[in-house]
Amino acid sequence: MTESEPDSLKIENIVVSGSIAESIDLELISDKIPGCVLNKKRFPGAVYHMQNPKSAALIFASGRIVITGLITPEDIPVALQNLLNKLKKAKIPCQDNPQVAVKNMVCSYNLGSPCNLTKIMIELMDSENIEYEPEVFPGLVCRITDPKVVFLLFSSGKTIITGGTNMEDVERGVEILKKELSIVDNTN
């Protein structure tokens, strides 16, 4: 997790997926596209690392793709178009306007003050799905169902948010978390 100012919400990773072709010859693209790696013993798809924007495309023989490593929603169409251009240049037939959808956003957030995770777990056990096992993982896991997001809350006050598919849901989830935490006297 990167350093962040208190009350700052930052996108760390956006994962999108969709179908871009009926099928893709993975051996062909790994031969024709520099930097596209296929190792079927380790992974069932080809991996293509892109520089603009910096991201990785996981390409499957079924024609499905997953693009990960994006950090702004505006990167999505740019990365998709760059991938399509590379595939078309390699003579791989692709859909003209494939649709991809955000499957997960990973964000970081800093509450701005330390948290007593044991106290939070005890006082909020009934309100949401809370897990805290410090001998297994140093963070408290808090699941919210509406919006469907998961928080990893650390004693430093730094938080990782995952599961959202748009910033509105992530922001709404943060507000719910802050409201829940305001109920708890968070001091030692």
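Source: prediction; values computed, not measured.

(A) Local environment of the pattern of salt bridges. Taken as a whole, this structure holds five salt bridges when the rule is applied. With its nearest N and O atoms 3.5 Å apart, the salt bridge here joins Arg-172 to Asp-146. In this pair, Arg-172 is assigned in helix α4 (residues 167-183) and Asp-146 in the loop between β8 (140-144) and β9 (149-153), connecting sequence segments 26 residues apart. Linked through salt bridges whose partners overlap, the residues forming this network are Asp-146, Asp-169 and Arg-172.

(B) Broad picture of the packing of aromatic side chains. Evaluated as defined, the whole model comprises two aromatic pairs. Measuring from ring centre to ring centre gives 5.6 Å for Phe-43 and Phe-60, while their planes differ by 50°; the resulting arrangement is tilted. Here Phe-43 is found in the loop between β2 (36-38) and β3 (46-51), whereas its partner Phe-60 is found in the loop between β4 (54-59) and β5 (64-70), with 17 residues between them in sequence. Overall, the relative accessible area of 22% leaves Phe-60 in the partly exposed class.

(C) Representation of the sheet that holds β8 within the structure. The strand order across the open sheet formed by ten strands is β2-β3-β4-β5-β1-β6-β10-β9-β8-β7, and the pairing between neighbours is antiparallel. The outermost strands of the open sheet, each flanked by one partner alone, are β2 and β7 (129-131). On average, each strand axis in the sheet is inclined to that of its neighbour by 15°, with strand direction left out of account. Two strands pair when backbone bridges link them, and strand β1 (residues 9-19) and β5 are joined in this way by five bridges, in the antiparallel orientation. The partner of Gly-18 across the bridge, within β5, is Ile-65.

(D) A look at the side chain of Asn-110. Inspection of the secondary structure puts Asn-110 in strand β6 (residues 100-110). The exposure class of Asn-110 is buried, given its relative accessible area of 8%. Separated by 2.8 Å, the side chain of Asn-110 and the backbone nitrogen of Gly-112 make a polar contact.

(E) Expanded view of α4. Over its 17 residues, α4 extends 25 Å from the first C-alpha to the last, a length consistent with the 24 Å expected when each residue adds 1.5 Å. Among the residues making up α4, those that are buried are Met-167, Val-170, Gly-173, Val-174, Leu-177, Glu-180 and Leu-181. Summarising the axial view, the buried residues of α4 lie within an arc of 145°, below the 170-degree limit, and thus occupy one face. Opposite the packed face of α4, turned more than 90 degrees from it, sit the exposed residues Glu-168, Lys-179, Ser-182 and Ile-183. Check the buried side of α4 and you find it contacts β1, β6, α3 (117-124), β8, β9 and β10 (158-164). At the N-terminal boundary of α4, the capping side chain belongs to Asn-166, with an oxygen 3.2 Å from the backbone nitrogen of Glu-168.

(F) Quick look at α3. Inspection of α3 places Leu-117, Ile-120, Met-121 and Leu-124 among the buried residues, and these make up the whole buried set. The buried side chains of α3 occupy one side of the element, clustering within an arc of 95° when seen end-on. Where the residues of α3 are buried, they touch β7, β8, β9 and α4. Measuring from the backbone nitrogen of Thr-118 back to the side-chain oxygen at the start of α3 gives 3.3 Å, which picks out Asn-116 as the cap.

Thresholds applied
- Residues numbered from 1 in each chain as written.
- Predicted model: local features only at pLDDT ≥ 70, side-chain atom pairs only at ≥ 80, totals over all residues.
- Heavy atoms only, no water.
- Salt bridge = Lys/Arg side-chain N within 4 Å of Asp/Glu carboxyl O.
- Helix = DSSP H or I, 4+ residues; strand = E, 2+ residues; numbered from the N terminus.
- Phe/Tyr/Trp six-rings, centres within 6.5 Å; stacked < 30°, edge-to-face > 60°.
- Buried < 20%, exposed > 50% of the residue type's maximum accessible area, 1.4 Å probe, protein only.
- Pairing = 2+ DSSP bridges.
- Axes fitted to C-alpha atoms, helices over the stretch in contact; angles between N-to-C directions.
- Polar contact = N/O pair within 3.5 Å; in protein donor to acceptor, adjacent residues only side chain to side chain.
- Expected span 1.5 Å × (residues − 1).
- Arc of directions from axis to C-beta.
- Contact = heavy atoms within 4.5 Å.

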